Amino acid sequence: MGFKKSLEALVLVLQLATLVTTDDLVHEPGRCVTYGFHPVKSKSGKFYNVYNGPPKRLDDSEAESLIKEHCPLYIGQPICCNKAQLENFANQVKMAAGFLKHCASCWRNFRLVLCQQMCSPDQSTFMEVTGSTVISNITEKKAISFRTSLTKEYAIKLWESCKDVTNPLFPGKSLDVICEKDCTYLGLLRTLGDSVEKGGRSPYHTEYRIGNTADNKIQPLQADVLNQCNEPTETDIACSCDDCADACGNNSTDKVTIPPPSEPFQIFGMDGIAAIMGALYVLLALLIGLHCLCRWVVRRGRSDDDSVSSTTSFDNVKKGLVKNLKVKVVTKGHSIENCIANAFHWWAKICCNNPWKTLIGSLIGIGVCTAGLYYFTITTDPIKLWSSTTSVARQQKEFFDHHFAPFYRTTQIIIKAPSLPPKNYFIASKQKDVNFNGVLTYPALTAALELQSKVENLTATLKDGSTVTLQDVCFKPLAPDNMNCALMSPLQWFQNQKKNLDINRHNRSYLDHLYFCARNNLSPSDSQNTGIPCLGVFGGPAITNVVYGGYNITDHTSDPNRTITSRTTDDEYETSQSIIITVPLNNHVSDNTAAQAWEKEFLKMMKAYKSDIIEVSFSAERAIEDEISESSFQDLYTVFISYGLMFLYVSFTLGKLQLSCGSNLVQAKAGVGLAGVLIVLFSVACSLGIFSYLKWEATLIVIEVVPFLVLAVGVDNIYILVQALQKDPPKTVKGVPKQVAVVFGRIGPSMLLSACCETVAFSLGAMSTMPAVRNFSLYAALAVFINFLLQCTSFLSVITWDLKRQLSSRYDCFCCISNNEVESASTKKGIVTIIVEKYWAPALFSSVCLRAAVVALFFFISCASIGVMNKIEIGLDQTVALPHHSYLGDYYRDMSSQFRVGPPVYFVFHNNKDSWQRFPRRSAQDEICLGRSCSDNSALNYLKDQSKISSYSYIAMPPNSWVDDYFSWLDPTFECCRLYFNGTFCPSTDRTSVCYPCMKKSDGDRPSQQLFFKHLPDFLKDNPNAEYCAKGGHPLYASSVSFAHSRQDDNRPIAVQSTYFATYHTPLHTSADFIGAYKRALDIAEEMSNSVTNMTVFPYSVFYVFYEQYLTITDETIVNLLFCILAVFLMSFILLGLNLGPALITTITVAMITADMFGLMYVWNITLNAVSLVNLVMSVGISVEFSSHIVKSFTMSKGKTKAEKAYEALVKTGPSVLSGITLTKFVGIVVLAFARSKIFEIFYFRMYLGIVILGALHSLVFLPTLLSFIGFTNNIRDRAREGGFDHVTSTPDNISPTDSGVNMKLSPASSHSDNQNKLSSHHIARYLHTNTPHSPNGYRPIPTQSERPQVMSYTSPPKKSGSLPRYVYDEDTTDIGVPV
């Protein structure tokens, strides 16, 4: 940090050694031009005497040791300097050593050029005095200016040996500090020689002349005395690859190349997945076309009057059954269906005959479950939401927090001034005009300083009444020596004082100082301009790429006359569009109450801040959590409105409108609708309560999504059950329980099918490692199942009471009021039923080609959707989670466009326990460190190489290495590590006490194991000193080492247990950048682990814990959805009576809806993340609800052909699906479009809308057409009805033959004739065209009663082993869904 001051002193040494008038000087070998110090001192330092005599020998051993150390070229020779000069020189180069000594050749050359000009015995042969002054009463002359001659080769060789030397304290090169990023060999000489008047740093001007003088009196210095950087010195090895490109060999910068990208999966030059799906679709299209062709050929072969008799149809079916079905499977499947139907009928009778007991029992169960809400907690902690406790990144974060310290809490302000014009200003030090953007002009800087002062003076109040200031919570890197906060701001370059902005010195203004400090953050004094330091008041630098934003980074080519340059890019800092104020606050693992209170006050102040000059965007650590929490709770109102509208819709559409108001009040179903919605809410509450008992924290996703899902499932069941009872209502109040039980016995299996499929599917979704997905799946599975249980209990009680109320002509919701003049319930069909029955179904089934085209179109959409799945972006833009017009939206946009440095990244080295003792050993150090004696393949050298390909590695700069800095700190040359005479540590800031170095020069360049651990804690506590020691490790490394301690003495470390080395990522703007940076960091850490022995390396950055999920989210999505779909298949197969065909068709439909959701995400640019994965899992469940009832109705249909069955299923069940799920959900979804947060708009409104639209289209368009082609007709009821088996058994014998429900009567053989004429075909015939020989839909019309076989029921003798169940079926009772 004190290098600038040291440099100025060195320049003074260089100049004062030569300043003598040339009038009477003799220039020949063996003569000096200066010797000793002039008696008169100045503020700039000591002056040299003019001396033109011969050189003198040293007569002091200490002086000789100094010559041996710094100027070995003149050992044993008479020289032109004395002991005082050598001691002064040794003190001045101590600071320079911190920047250059790690490259031995550069360090030797740098000191040699100074030694030659200060001590060379032939000083007069290459130096001329161009000015001197005489002070009265003093005989010695004082030099004021001089000229030094040197060859061009000398200047270039000096510069080349140091041009690549890295700055150990700050990213960049050491010479950048000297030359202000314009460091060619000419720039270096000009910077060293220019006086203050010419824009330089020295009070004296030195002219460096390249070549000989005209009279050859002056001979230039020759380059042969200098070393190249890859050459060893007399006492040390050559510079390392890190500091010398020529020393890299095969590992040179040019050899560090970016690996070629992996080849994408392609087939014949096309995207592989798209090509496969295209081929699959072509195959499916050919199969569909072939099927249609075969159908057409068969139809052409028939005569117009061809009518296949029932017997022929029966014979064909029988032949197929005998050939393809196993009797055991058929028997078992029918037994399952029979048992389920009987169980639902039995259960419904109990509930309906005891409604009060059922309801009270249900309420008790609800009460017990919801009592767990006492323990209910909701989390908005992003880490708990998105990262599992078993997550590697989360465990690594916890390891980092425990062994080191949590990363700082960051508060930031981004300041722009778009209304202020740029200012053109002449920079004297560069002799050029520079355009400063408006935000860097005086009005903007003063406004920013005023705002910064307000931030620094903020005070917050805690709940106990105590106050918190910034000083209480901020990060202070140099405490206790410097108690100022490390506030990063360009105003630190002005010491945060307005008076320094007003300085005008030597016609140099604040803009000169800005220009200088932007390139010299470490300068303790800008002596050439304002005279104030660039170092901040907290003792550290305000780093330019942290405090400036939006500046240009342009490539440029050096002047051809400046033949050598080490830089190909430059940052045009003056084009900055913003200045950034960053306030790091201390972070703690447990309690951050004080910091959060201060942040809350900060946000409150910033929200109210107004300025006519500057625009601000801002954030604090707690800001995003506050915004998400606030917007989510506000969006709950939107959710409640959505549920309210759905309730009103359900209540309105469940009843049947009459002409009179009184009749409408009787026929209304508002109470039933309210009960259904309350059951949904109770289901969710019970799910929350049960998990609260288990101490599970809920999330806002659970609160917002699960009720929506359960309502989708529950409402559809309500519609089906209520409308089935409206179609076949009880005649008397006493007959209500019996009729409800009959209808529920028929409807219940379909409800069970959808509930079980959804519950199992959601339960499997809990396999996800993402807490948000896992919690949603578990809460949803339990809520859906509880909703099903409550519908099977409480809702049966409610519907029983409602039917009794209706039959008693009492008003809905006002049961005490009756109306005896009520019209009978309307038998007119609803609008939805009319649309489906008269328009939609006939149109869809009007042509085989149309149905084939529909199937082909849907398959095309699904194939195309799967083809683009790999093109869906992964991640979640932070702005999406924010409300519309949130102040954080401006901040994140500015952060993306303005930041020129990315987040810090730490590479953590953790020793295995048995190898803790290895670290002090040199071999272990060589595997890690960066220094010149370290291995070229060391871990940190590999990391440094990665920074050279930052566009690929996302590593912006080489790492800071405490190991190398610790070795330098121990070096006795620097006098950083010193001890009092009592053996205790002497801080580098203590220059008043007498202390001695910790190490001797004879100890070598590295400490012994004992010394290593003895002084390492002192190094980590020692603050750097700008004047004496810049290597103190406290600011950078205080928390970077975790020790293993002795059991006998906790204060005595015996090993380094773990440590980290920090660097920065490049600026990261998108989710893809963050994910890519994390992936590369993992790869780099793995390579580093391979380069060290018995140590594990892992990367850590604050954002890794949130982005780890995206490394596996693709696999998790595929696995979760596949398991959910597999669960749908298994449950469908079992609950459809082991009927493979319908189970497969249900699964195909659900899979296609899910696949189409991916296509929708691609079209709408919805990214794949935990939120969208939750919705995808939910889409599987809702898809089951859309498709299962249609399929169940198909299997129960009595149509003879697949097309007849599909038509009947669509007409009977389609209206319930359309009104019960589609329109209900659509009413609720529309409201979500008005939610405040974008996450609701994108991930809930759009995806929910997509689920509903796709589900409706597939269930009402695709599924019936697919069933008409490949639907399976060999179900039990078909075979029983057509006589495929000789005998059928029955269900409960207490259901009378006159029951209008499932007429499954145990019939002895004698009852055959009684039941023979019970079967009617009018329910099917009314939906089909029977007025022509062949209806327009292409299949034979249903035969009339007279055309049918007269034997329509079947009886059997006593059941034999292996025979089928014994049933009588009534055609009128096979409905699953009923018209609205």
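1. Notes on the pattern of salt bridges
Tallied over the entire structure, the rule returns 24 salt bridges. Asp626 is paired through a salt bridge with Arg622; the nearest N and O atoms lie 2.6 Å apart. Overall, Asp626 belongs to the partly exposed group, its relative accessible area being 27%. In this structure, Glu1208 engages Lys1212 in a salt bridge whose closest nitrogen and oxygen atoms are separated by 2.8 Å. Linking Glu1208 with Lys1212, this pair stays in helix α41 (residues 1202-1232), spanning four residues, or about one helical turn.

2. Looking at the side chain of Arg978
With respect to the helices, strands and loops of the structure, Arg978 is situated in strand β21 (residues 978-979). Among the polar contacts made by the side chain of Arg978, one reaches the main-chain carbonyl oxygen of Asp990 at a distance of 2.4 Å. Discounting chain neighbours no more than four positions away, the residues touching Arg978 are Thr984, Phe985, Cys986, Pro987, Ser988, Asp990, Arg991, Ser993, Cys995, Tyr996, Pro997 and Cys998.

3. A look at the sheet that holds strand β13 (residues 548-549)
Here four strands make up an open sheet; going across it, the order is β13-β16-β8-β17 and the pairing antiparallel. Both edges of this open sheet fall to β13 and β17 (615-619), since each of them pairs with a single strand only. For strand β8 (residues 409-416) and β17, the ladder comprises five bridges, and the chain directions are antiparallel. In the sheet register, Ile414 faces β17, and the bridge partner there is Ser617.

4. Description of the confidence of the model for the protein
Looking at the protein, pLDDT values average 77 and 78% of them are 70 or higher. Low pLDDT (under 50) marks residues 9-22, which in the prediction has 78 contacts with non-local residues, meaning those over four places away or in another chain. Across residues 303-315 the pLDDT falls below 50, and counting only partners more than four positions away or on other chains, this stretch makes twelve contacts in the model.

5. What to know about the environment of Ala852
Note that Ala852 resides in helix α28 (residues 848-867). A residue is classified by how much of its surface remains accessible, and Ala852, at 7% relative accessible area, is buried. Considering only alpha carbons, one finds Ala852 and Thr1265, 413 residues apart in sequence, at a separation of 7.6 Å.

6. Thoughts on unusual backbone geometry
Geometrically, the link from Ala479 to Pro480 is a cis peptide bond, its omega value of 5 degrees lying close to zero. As for its position among the elements, Pro480 is in the loop between α15 (470-473) and α16 (498-501). Positive phi, close to 60 degrees, is recorded for Asn496, a residue that is not glycine. One non-glycine residue, Tyr954, adopts positive backbone phi at about 65 degrees. Secondary-structure assignment places Tyr954 in the loop between α32 (950-953) and α33 (962-970).

7. Notes on the nonpolar core
By size, the foremost hydrophobic cluster in this structure holds 256 residues, and its most contacted members are Phe776, Phe907, Phe909, Trp962, Leu1016 and Phe1243. Element by element, the count of residues in this core is highest for helix α42 (residues 1238-1270), at 20 residues. With 77 residues, the next largest nonpolar core counts Ile427, Met488, Ala542 and Leu882 among its residues.

8. Details of the state of the cysteines
The final tally for this structure, using the stated rule, is twelve disulfides. The disulfide partner of Cys229 is Cys244, and the gap between their sulfur atoms is 2.0 Å. Taking the torsion about the S-S bond as the criterion, the Cys229 to Cys244 disulfide, at about 55 degrees, is right-handed. Taken as a pair, Cys229 in the loop between β5 (205-210) and β6 (266-267) and Cys244 in the loop between β5 and β6 lie far apart in primary sequence, 15 residues in all. Residue class for Cys229 comes out buried when judged on its relative accessible area of 5%. Between the sulfur atoms of Cys474 and its disulfide partner Cys485 the distance amounts to 1.9 Å. Looking down the S-S bond of the Cys474 and Cys485 bridge, the torsion is -75 degrees, so its handedness is left-handed. Taken together, the residues Cys474 in the loop between α15 and α16 and Cys485 in the loop between α15 and α16 connect sequence positions eleven residues apart. Like Cys485, Cys474 is buried. Cys352 takes part in no disulfide bond, and the closest cysteine sulfur to it belongs to Cys351, at a distance of 6.6 Å. Unpaired in this structure, Cys686 has its nearest cysteine sulfur neighbour in Cys369, at a distance of 4.4 Å.

9. A few points about the environment of Lys152
Among the structural elements, Lys152 can be located in helix α5 (residues 152-162). Between the alpha carbons of Lys152 and Gln222 there is a distance of 8.9 Å; along the sequence they are 70 residues apart. If we skip the residues at most four places from it in the chain, Lys152 touches Tyr185 and Ile210.

10. Here we look at the pairing of strand β9 (residues 423-427)
Bridge count for β9 against strand β10 (residues 432-436) is five bridges, and the pairing is antiparallel. Opposite Ile427, over in β10, you have Lys432 as the bridge partner. The antiparallel hairpin formed by β9 and β10 contains four residues in its connecting segment, where Gln431 sits at a positive phi of about 55 degrees.

Conventions used here
- Residues numbered from 1 in each chain as written.
- Predicted model: local features only at pLDDT ≥ 70, side-chain atom pairs only at ≥ 80, totals over all residues.
- Heavy atoms only, no water.
- Salt bridge = Lys/Arg side-chain N within 4 Å of Asp/Glu carboxyl O.
- Buried < 20%, exposed > 50% of the residue type's maximum accessible area, 1.4 Å probe, protein only.
- Helix = DSSP H or I, 4+ residues; strand = E, 2+ residues; numbered from the N terminus.
- Polar contact = N/O pair within 3.5 Å; in protein donor to acceptor, adjacent residues only side chain to side chain.
- Contact = heavy atoms within 4.5 Å.
- Pairing = 2+ DSSP bridges.
- pLDDT = per-residue confidence, 0-100.
- Core = buried A, V, L, I, M, F, W, Y, C linked by side-chain atoms within 4.5 Å.
- Disulfide = S-S within 2.5 Å.

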